[in-house]
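Structural overview
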Amino acid sequence: MSDRRDFFIDRHIGPRDADLGGMLQTVGASSLDTLMDEVVPAAIRAEGPMALPEPEPEVAFLGRLREVAARNQIWRSFLGNGYYGCVTPAVIRRNLLENPGWYTPYTPYQAEVAQGRLEALLNFQTVVEDLTGMDVANASLLDEATAAAEAMTMLHRVQGRQRPEACRFVLADTCFPQTIAVVKGRAEPLGIEVEVVDLSAGTAGIDPGGLFGVLLQSPDAYGALRDLTPLIEWAHDAGALVAVASDLLALTLVTPPGECGADVVVGNAQRFGVPMGYGGPHAAFFATREAYVRQLPGRVIGVSVDMRGRRAYRMALQTREQHIRRERATSNICTAQALLANIAGMYAVYHGPDGLRNIATRVHGLACLLAARLDAVGFEQTNGVFFDTLCVRGGDAARVAAVKAAAEGARVNFAYHSNGDIGIALDETTTREDLATIARVFGGVAGATGARGFDDPFPSPTLAQTLVRTSRYLTHPVFNRHHSELQMMRYLKQLERKDIGLDTSMIPLGSCTMKLNAAVEMEPITWPEFGGLHPYVPASQAAGYQEIITELESALCRITGLDAVSLQPNSGAQGEFAGLLAIRAFHQAQGDTDRNVVLIPASAHGTNPASAAMAGMRVVVVACDDDGNVDVADLRRQANAHASTLGALMITYPSTHGVFEEAIQEICRIVHERGGQVYMDGANMNAQVGLTSPALIGADVCHLNLHKTFAIPHGGGGPGMGPIAVAAHLTPHLPRHPVLGTASATGIAPVSAAPWGSASILLISYAYICLLGGRGLQEATRYAILNANYLKSRLETSYDVLYTRANGRVAHELIFDLRPFKESTGVTEQDVAKRLMDYGFHAPTVSFPVPGTLMVEPTESEPREELDRFCEAMLAIREEIQDIADGRAERDDNVLKNAPHTAADVAVNDADWSHPYSRQQAIYPRPFVAANKFWPPVSRIDNAYGDRNLVCGCPPLEEYEESPA
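What counts, and at which threshold
- Residues numbered from 1 in each chain as written.
- Predicted model: local features only at pLDDT ≥ 70, side-chain atom pairs only at ≥ 80, totals over all residues.
- Heavy atoms only, no water.
- Helix = DSSP H or I, 4+ residues; strand = E, 2+ residues; numbered from the N terminus.
- Buried < 20%, exposed > 50% of the residue type's maximum accessible area, 1.4 Å probe, protein only.
- Contact = heavy atoms within 4.5 Å.
- Areas by Shrake-Rupley, 256 points an atom, 1.4 Å probe, with all protein chains shown as cover.
- Pairing = 2+ DSSP bridges.
- Axes fitted to C-alpha atoms, helices over the stretch in contact; angles between N-to-C directions.
- Phe/Tyr/Trp six-rings, centres within 6.5 Å; stacked < 30°, edge-to-face > 60°.
- Salt bridge = Lys/Arg side-chain N within 4 Å of Asp/Glu carboxyl O.
- Parallel < 35°, antiparallel > 145°, perpendicular 65-115°, else oblique.
- Left-handed = near helix turned anticlockwise from the far one by under 90°.
- Nonpolar A, V, L, I, M, F, W, Y, C, P; charged D, E, K, R; others polar.
- Expected span 1.5 Å × (residues − 1).
- pLDDT = per-residue confidence, 0-100.
- Core = buried A, V, L, I, M, F, W, Y, C linked by side-chain atoms within 4.5 Å.
- Polar contact = N/O pair within 3.5 Å; in protein donor to acceptor, adjacent residues only side chain to side chain.

All right, on to the overall build of the protein then. Helix and strand content of the protein: 32 helices and 26 strands. Counting every position in the protein, which comprises 965 residues, the buried fraction comes to 66%. Taking contacts inside the protein between residues at least 6 apart in sequence as the whole, the part at least 24 apart equals 77%. If you sum the accessible surface of the protein, you get close to 31,700 Å²; carbon and sulfur atoms cover 49% of it.

In structure tokens form, the structure reads like this:
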């Protein structure tokens, strides 16, 4: 593109124009066009450019987006329902949320270079454990509704061992409506019977037979608080386990569910400093008893030691669990909300226990003031005990309509319940002026005059003595040391420096597409016009968001060639689940209720079979041939054997092995001819955009990892987004939502708490598409493929490349086979991964999809200089391996087996350095390393020790005194 330097594309694509000729010469192609012809089969190549607008210059785009943002009307929203206004402390916003050192790192699979965010996530787990009164918590889930659904399925698994006949689950009708809808949708394909029950008068009349679990909400959807102990005792007596959806801020004042006997506690950590963002992203929390820790869904951060005995953090138990157990996994969770969990955890660190209690006390005091004033003007507040949310009896329909009209005139949103009651949820941002506005609204309807201000002191709390929290929380030093901005800034920076992010060096993770998260794309997410919007405001108040959503859906349709898009799924794995449910609903609508078999290639991403099992479908594995492609003959055999029950094929394209398979259209045709649908996993979409499409290969539905192909940051393990695109015949079955009524009545149940998932980060992908335009998106794909083939050409004489097309080409990623080294030298793929840390690099993907290999994906954003540095590191490591093979280095005591090397390891006296290699070789193996040395904070971590000695909260106080932070 001759004019690309005037546009964002020049900032996004790494190789410069001057690099192109040399790189093409290295890969042996005369032009980029020729290389694309050799990589992508001609039968599926797109004809002509995508029908997308021309790219926008950065300044022009931001100016236009400001105008779009202004169409969102930021009223004072007191809607509650799990979403609340809050204040993100500036020190956290600037040094964490807006900091690439925090938002660009990947999931901490290489724990030695992820110690900062692992410590931060351990803080989050400790916050949740302390406030809920539970033994163990995970490192966050996607949102409260899906966390509640995970609680249901976990309790079902736990109970199923002793009571396999138990299949009934009771939800209190005072749970949030989105939670009820998501839980029911998750239960149906698994054969779990969900009953929504009024528990306000007790449990009389509820049949305990076959009951395995109960879900309660406290504070509930109307704001009421009650002692949960009698309900929990009744459930336990009936043989059932109990999950409670709760509120972290309320739990600073209220007796935690764990002290009432709850078995699981879930909720949303959003009000701990995370903007509402029209629905997300927000970190859900999930806590349970120690007895169930091995059933706990999602990621758990644990404490272990490194090879020198120093304290170190790592993911415990569930490390890539779904990749190992596949359809037998406890859940399909792959993406968490790590960045948002870290914000929430740091919010607690910054405020500490006293600060959190003060915030909660103020919110509760304002609610008490307002309740007294509303009662004085003739509106009854019906919650006997509450924390922050009032339930006001509206009276007849005319009176409620009058309140609503007056509220709208004052630009105020209340929650209007179906029984005529009016909900008013206060929060950290509520002021006494807000209370005066609310009082004027109700006073005007009641005919009250002479409204006075709210200068009175807070009345006595409404909390009954049995509900007042007496136990201490957040006693660990980390929550009591960092309350000044200077202390907090230094703590955040201290943790940041322990991690490798894209701001440090290339992260060449195959299948993960660690591409540039450009600052211009990120900038709008903290604008108050986007961050301050409650997800359940009327559509008229979100006109800016709706415009962006409509345009983004249209662009994704054009990119995929499919007909409709749902932006609701909050992760790639959730997109898989939603897509399979849409396929299932389509078959049922056709009367094909028995089509429940899903064919999945043996090489598939582990979430594929896990998602299929969640959707109530039966997984049948299809073999791969020696070249890593789907074995078409075996596919045909399996499709014929299951022709009457074939529901779908799940396939990743390009393949999980990083190759465009020639037979893809034949594969799809085999499935379609036998009545099945084709689900395309979009994990490798970065090799498709502008060159081919899911529609061209024959897919009926695909999910798109916006946190991969479309530039949303990985955030150390999330946020993620996995919208699904579908063909016309599946459009009626896209997810609906109970609050805003999105999608058709025939749509599947919601899969997320908010109608458009994590709406605020859709802005990033929208910006990415608008800034690149159709031609720029295609150019990004072409350079991603060029960079991968460049690495292949430079390294293939030193490392075997496992899979290629017949002509030797790979797509956007490739697999290096390290298995031959193990027998001759003892060196494994893990040794190479850890040694790369000494060179300043995060390792590629290890042992997936093939054990004993490294899968490398450079993305289009890496410049040639960085690619060459990575190649230099890999070639140097190959020499180190050869030194072992030739006897120049010891087999058991060498730079690979002892990697990574920390500053403490080498900062010893000469007499104490016991290795046969030099310290120079250990830490500065090549000149480029010394110029920008990254020091791993710990040596290789002992994972087995951590699992044997499971600690998933902040270590005891004495360890902080004995060990450095």
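Another point: the sheet that holds strand E19 (residues 677–681). Pairing in this open sheet of seven strands is mixed, and the strands run E15-E21-E20-E19-E18-E16-E17 from one edge to the other. The sheet is open, and its two edges are formed by strand E15 (564–566) and strand E17 (618–622), each paired on a single side. Each adjacent strand pair in this sheet contributes to an overall mean axis angle of 25°, direction not counted. The pairing of E19 with strand E20 (residues 701–703) spans two bridges and is classified as parallel. Looking at the pairing, Tyr 679 lines up with Val 701 of E20. Lying over the sheet, helix H20 (residues 607–614) contacts strand E16 (597–601), E17, strand E18 (646–652) and E19, oriented at roughly 175° with respect to E16.

Moving on, we come to the packing of aromatic side chains. Evaluated as defined, the whole model comprises 19 aromatic pairs. Ring centres 6.1 Å apart and planes at 45° place the aromatic pair Phe 61 and Tyr 766 in the tilted group. With a gap of 705 residues between them, Phe 61 in helix H4 (residues 58–69) and Tyr 766 in helix H24 (residues 759–795) connect regions that are remote in the sequence. Across this residue pair, the class does not change: Phe 61 and Tyr 766 are buried. Here Phe 272 and Tyr 347 contribute two aromatic rings whose centre-to-centre distance is 5.2 Å and whose plane-to-plane angle is 35°, an arrangement assigned as tilted.

Another aspect to go through is the pattern of salt bridges. When their charged atoms lie close together, side chains carrying opposite charge are able to pair. This structure, assessed with the given rule, holds 46 salt bridges. Between Asp 817 and Arg 819 there is a salt bridge whose closest N-O contact spans 2.9 Å. With its nearest N and O atoms 3.1 Å apart, the salt bridge here joins Arg 888 to Asp 886. On the basis of relative accessibility, which here comes to 44%, the residue Asp 886 falls in the partly exposed class. One salt-bridge network, in which partners are shared between bridges, spans Asp 306, Arg 308, Arg 310 and Asp 905.

A separate point is the packing of helix H12 (residues 338–376) against helix H14 (residues 432–446). Following both chains from N to C, one finds H12 and H14 inclined at 20°, their axes separated by 10 Å at the closest point. As summarised for this structure, H12 and H14 are arranged roughly parallel, according to the angle between their axes. Helix-helix and strand crossings are classified by hand; for H12 and H14 the assignment is right-handed. Contact with H12, carried on its side by Leu 366, Leu 369, Leu 370, Arg 373 and Leu 374, involves Arg 432, Leu 435, Ile 438, Ala 439 and Phe 442 of H14 and no other residues of that element. Here the residues of the contact of H12 with H14 sort into eight nonpolar, no polar and two charged.

Another point: helix H27 (residues 864–885). Think of an α-helix as turning once every 3.6 residues; residues three or four places apart then point the same way. Under the 1.5 Å per step criterion, the end-to-end length of H27 is 31 Å for 22 residues, consistent within 8% with the ideal 32 Å. Those residues of H27 that fall on the buried side of the exposure criterion are Glu 866, Leu 867, Phe 870, Cys 871, Ala 873, Met 874, Ala 876, Ile 877, Arg 878, Glu 880, Ile 881 and Ile 884. On the buried face of H27, the contacting elements are helix H2 (17–27), H24, helix H25 (819–825), helix H26 (829–838), strand E25 (853–856) and helix H30 (927–931). Immediately beyond the C-terminal end of H27, within one or two residues, lies Gly 887, with a positive phi of roughly 85°.

The predicted coordinates of low-pLDDT regions are not to be read in fine detail. In the predicted model, the protein carries a mean pLDDT of 94, and the fraction of residues at 70 or more is 96%. Predicted confidence for residues 960–965 stays below pLDDT 50, and this span has ten contacts to residues more than four positions away or in other chains.

Of all hydrophobic cores here, the largest spans 299 residues; its most connected members are Met 346, Phe 414 and Phe 442. Excluding its chain neighbours within four sequence positions, the residues that come into contact with Phe 414 are Phe 78, Leu 79, Val 403, Ala 407, Ile 422, Gly 423, Ile 424, Ile 438, Val 441 and Phe 442. Formed by 26 residues, the second largest nonpolar core is a distinct cluster that contains Phe 586, Met 614, Met 617 and Ile 748.

Right, let's talk about unusual backbone geometry for a bit. Omega for the peptide link from Gly 280 to Pro 281 comes to 10°, which places this bond in the cis form. Within the secondary structure layout, Pro 281 lies in the loop between strand E7 (264–268) and strand E8 (284–288). Along the chain, Tyr 653 connects to Pro 654 via a cis peptide bond; the corresponding omega equals -10°. One non-glycine residue with positive phi stands out, namely Leu 474, at about 50°. With respect to the secondary-structure elements, Leu 474 resides in the loop between H14 and helix H15 (485–496).

You can see Arg 168 is positioned in strand E3 (residues 168–172). Judged by its relative accessible area of 9%, Arg 168 falls in the buried class. Of note is the side chain of Arg 168, whose polar atom sits 2.6 Å from the side chain of Glu 195. Setting aside anything within four residues of it in sequence, one finds Arg 168 in contact with Glu 193, Glu 195, Asp 207, Pro 208, Gly 209, Gly 210, Leu 211, Phe 212 and Gly 213.

The next subject is the pairing of strand E23 (residues 814–817). Alternating positions in E23 separate into two faces, Leu 814 and Phe 816 on one and Ile 815 and Asp 817 on the other, with burial throughout. Where strand E22 (residues 800–801) and E23 come together, two bridges link them in antiparallel fashion. When the bridges of E23 are listed, Val 801 appears paired with Phe 816. Looking at chain direction, E23 and E25 are connected through four bridges and run antiparallel.

This paragraph deals with the environment of Ala 287. Following the sequence through the fold, Ala 287 ends up in strand E8. With relative accessibility at 0%, the residue Ala 287 sits in the buried group. Residues Ala 287 and Leu 390, spaced 103 residues apart in sequence, show a C-alpha to C-alpha distance of 27 Å. Ala 287 has contacts with Val 128, Thr 132, Met 134, Val 136, Ala 137, Asp 263, Val 264 and Val 265, leaving out every residue within four places of it along the chain.

Judged by how many residues are buried, H20 sits mostly within the fold: seven of eight residues are covered. Inspection of H20 places Thr 607, Asn 608, Pro 609, Ala 610, Ser 611, Ala 612 and Met 614 among the buried residues, and these make up the whole buried set. Directly beyond the C-terminal end of H20, a positive phi value near 75° is found at Gly 616.

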